[in-house]
Amino acid sequence: MADQKKKEGLEKPTLHPRNKHTGRYDLKALKLVNTDLKPFVTKNKYGNFTIDFFNPVAVKALNKAILISQYGLDFWDIPDGFLCPPIPGRADYIHHIADILAASNNGVLVKGDQIKCLDIGVGANCVYPIIGNSAYGWSFIGSDIDPKAIEVAQKIVTSNPSLHGKVEFRLQPKPEHIFSGILNADEKVDLAICNPPFHATQAEAEAGTLRKLSNLKKKRVKKPELNFSGQGGELWTDGGEKRFVLNMINESAQYAKNCAWFSTLVSKQSNLRAFYDRLEKVGVVEHKTTPMGQGNKLSRIIAWTFLSEPEMETWTNDRWKSE
């Protein structure tokens, strides 16, 4: 029976237990939420409703339906070509990082808009602030190097009363920097999250997409269409993920007392040793690696802190305790 389920694609790698998306999408209900989704919903050979996940227009329509129905939005939209990420994976990051905060808070989940999260590379989709605010009530600073992305994300916030006063956007004027130019010298945030550009060049990004699509479709794919779209800065950067994260770790040391927990997604396991070595070199007090899985994709979160145990206790008492 287990083999049959695997054959039919009914099993997924385990998502976080608080993730809303651990089962199948209820496409029958979702297409009523967003009628733009309706033309893309079909039945597969097993009689289950599905969509073409290789079609970026279908994925965008699905995301809109999910965000409106399950995260309390009135409006969500992004221009064609901007990154339209899978919601379950983004939710998993938020829930896992919430557990890391809880571990520093005697196991108690940290909730409320007094908790401030810096989303590095928020993107036009604004998905992390949407999920983090809905699930835990956190407030956000969303940074990005693309003014258009910030403009679109700001429209999403402006169009949703539930997000008013909860998300602030800041343009990063120098793409080579991550915290500098965004955080003020005496400003404190409780956590920083980041979904870094994974590839070093556009050609590398397209080659990776071709391999992924060819593997999934069981045949050679020649056109590198990105089912989740994405602008250049969202998908590739000079030096790729490795250089970006090493730079992030280096710069985090300059803001060691400004943030309780820094974190980033890491796609390539082969980069982990370099990241661990750099974390030790800059003098972190503690770092943690959390594995994540969604579909056929495996990734992980690295989180680190420069705060000693007494400093963390003072931080949690000052900022995380409910009135």
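Our structure's up above, just so we're on the same page.
Structure report, in brief. It should be emphasised that the depicted structure is a prediction, and the values quoted were computed from it without experimental measurement.

**A closer look at the overall build of the chain**
Thinking step 1. The helix and strand tally for the chain stands at 11 helices and nine strands.
Thinking step 2. For the chain, the residues scored as buried account for 48% of the 323 residues in total.
Thinking step 3. Accessible surface for the chain amounts to roughly 15600 Å². Of this, 50% is attributable to carbon and sulfur atoms.

**Notes on the pairing of strand β6 (residues 189-194)**
Thinking step 1. Across the six residues that make up β6, a large majority, six, are buried.
Thinking step 2. One ladder, built from four bridges, connects strand β3 (residues 116-120) with β6; its direction is parallel. Each bridged residue has a counterpart across the sheet, and for Ile120 the counterpart in β6 is Cys194.
Thinking step 3. When β6 meets strand β7 (residues 259-266), the two strands line up parallel, connected through three bridges. From the neighbouring strand, Leu191 faces β7, where its bridge partner is Trp261.

**Notes on helix α5 (residues 127-136)**
Thinking step 1. Most of α5 is tucked away: eight of the 10 residues are buried.
Thinking step 2. Restricting attention to buried positions, one finds in α5 the residues Val127, Tyr128, Pro129, Ile130, Ile131, Gly132, Asn133 and Tyr136.
Thinking step 3. Looking one or two residues beyond α5, the residue adopting positive phi is Gly137, at roughly 75°.

**Section: helix α4 (residues 87-103)**
Thinking step 1. Given a rise of 1.5 Å per residue, 17 residues ought to cover 24 Å, and the 25 Å separating the end C-alpha atoms of α4 matches this to within 8%.
Thinking step 2. Within α4, 15 of the 17 residues are buried, leaving the element largely enclosed by the surrounding structure.

Thresholds, definitions, all that
- Residues numbered from 1 in each chain as written.
- Predicted model: local features only at pLDDT ≥ 70, side-chain atom pairs only at ≥ 80, totals over all residues.
- Heavy atoms only, no water.
- Helix = DSSP H or I, 4+ residues; strand = E, 2+ residues; numbered from the N terminus.
- Buried < 20%, exposed > 50% of the residue type's maximum accessible area, 1.4 Å probe, protein only.
- Areas by Shrake-Rupley, 256 points an atom, 1.4 Å probe, with all protein chains shown as cover.
- Pairing = 2+ DSSP bridges.
- Expected span 1.5 Å × (residues − 1).

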